[in-house]
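# Structure assessment
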Amino acid sequence: MTVVPVAALLCVYYDWWPLSGNIEYLQKLLITAPALLVLAGAALEWIFGTYFYVKRARRWSWWIAAAPGVVIAAALIGFVFPRPSFDDARPQFEQIAQNIIDHPGSTRSNFDIDGIDIASVARRSDGGVYFVDADNSVASKTGWIYSPETKPDDNGRVFIYLTDIGGGWYEFEYGT
């Protein structure tokens, strides 16, 4: 009861097979919530089972540490090997942005850049190249904008935030 939900959570976190691809926020939530509930149930069962075993047998067994060991190992994996970030993939982002700029009207959709799922890339009317992240919620879109000449304007979009991250790049979230 511990290994399966931990494995599902790691698959969602790292975008590993069989839960890989452009899984949206709601789909991730529908996988993560039951996995966390099963893990919480396993934790309660482990606490009570350990208490009654130690009380009855009056001794400790290393098998008792197996379930928490799996959870601790998964947490350590998450801390030691963080998910890919924009900064790690920035050179590939810049190459794709330049390609979109060099070929007016071109777009790309549903692809991966060093572990970051991208739903779409297109140049918008404000001149910025918008990379829309595939991992979005129902009510908002997040991603990055390459606009070295000017700051992107909302142009009909309501930015929840628009942060300059340097080098002509902006991180954004806007409501849909």
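One structure accompanies this document, and this report is about it.

Within the protein, the regular secondary structure consists of four helices and six strands. Starting at the N terminus and walking to the C terminus, you meet the elements of the protein as α-α-α-α-β-β-β-β-β-β. By principal-axis analysis of the C-alpha atoms, the protein measures approximately 75 × 30 × 25 Å. The buried share of the protein, reckoned over its 176 residues, is 33%. The long-range fraction of contacts in the protein, counting pairs at least 24 apart against all pairs at least 6 apart in sequence, stands at 46%. Only carbon and sulfur atoms are counted for the fraction: they give 63% of the accessible area of the protein, which is about 10900 Å². Positive and negative charge centroids in the protein, built from 13 and 19 side chains respectively, lie 14 Å apart.

Turning next to the packing of aromatic side chains. Aromatic ring pairs are reported here in terms of the distance separating the ring centres and the angle at which the planes meet. In the structure shown here, the tally under the stated rule is 14 aromatic pairs. Ring geometry for Phe86 versus Trp144: centroids 5.3 Å apart, planes at 15°, classification stacked. Remark: Trp144 occurs in strand β4 (residues 140–146) and Phe86 occurs in helix α4 (residues 86–102); sequence separation between them is 58 residues. Under the relative-accessibility criterion, Phe86 is labelled buried at 7%. Between the aromatic rings of Phe159 and Tyr174, the centroid separation amounts to 6.2 Å while the plane-to-plane angle is 80°, which identifies the pairing as edge-to-face. Here Phe159, found in strand β5 (residues 159–166), pairs with Tyr174, found in strand β6 (residues 169–175); they are 15 residues apart in sequence, far enough to count as distant.

Attention shifts here to the nonpolar core. One finds Phe93, Ile113, Ile118, Val121, Phe131, Trp144 and Trp169 to be the most contacted residues of the largest nonpolar core, which totals 16 residues. Contributions of two or more residues to this core are made by α4, β1 (107–113), β2 (116–123), β3 (129–133) and β4. Apart from residues no more than four positions distant in its own chain, Phe131 is found in contact with Phe93, Ile96, Ala97, Ile113, Ser120, Val121, Thr142, Gly143, Trp144, Trp169 and Phe172. By size, the runner-up hydrophobic cluster in this structure holds seven residues, among which are Tyr130, Ile145, Tyr170 and Tyr174.

A cluster of nonpolar side chains, Ile72, Leu76, Ile77, Phe79, Val80 and Phe81, forms an exposed patch at the surface whose accessible area comes to about 650 Å². Within the secondary structure layout, Ile72 lies in helix α3 (residues 66–80).

The rules we used
Residues numbered from 1 in each chain as written. Predicted model: local features only at pLDDT ≥ 70, side-chain atom pairs only at ≥ 80, totals over all residues. Heavy atoms only, no water. Helix = DSSP H or I, 4+ residues; strand = E, 2+ residues; numbered from the N terminus. Buried < 20%, exposed > 50% of the residue type's maximum accessible area, 1.4 Å probe, protein only. Contact = heavy atoms within 4.5 Å. Areas by Shrake-Rupley, 256 points an atom, 1.4 Å probe, with all protein chains shown as cover. Lys, Arg positive; Asp, Glu negative; His and termini not counted. Charge placed at Lys NZ, Arg CZ, Asp CG, Glu CD. Phe/Tyr/Trp six-rings, centres within 6.5 Å; stacked < 30°, edge-to-face > 60°. Core = buried A, V, L, I, M, F, W, Y, C linked by side-chain atoms within 4.5 Å. Patch = residues over 30% accessible without salt bridge, like charges linked within 9 Å, V, L, I, M, F, W, Y side chains within 5 Å. Salt bridge = Lys/Arg side-chain N within 4 Å of Asp/Glu carboxyl O.

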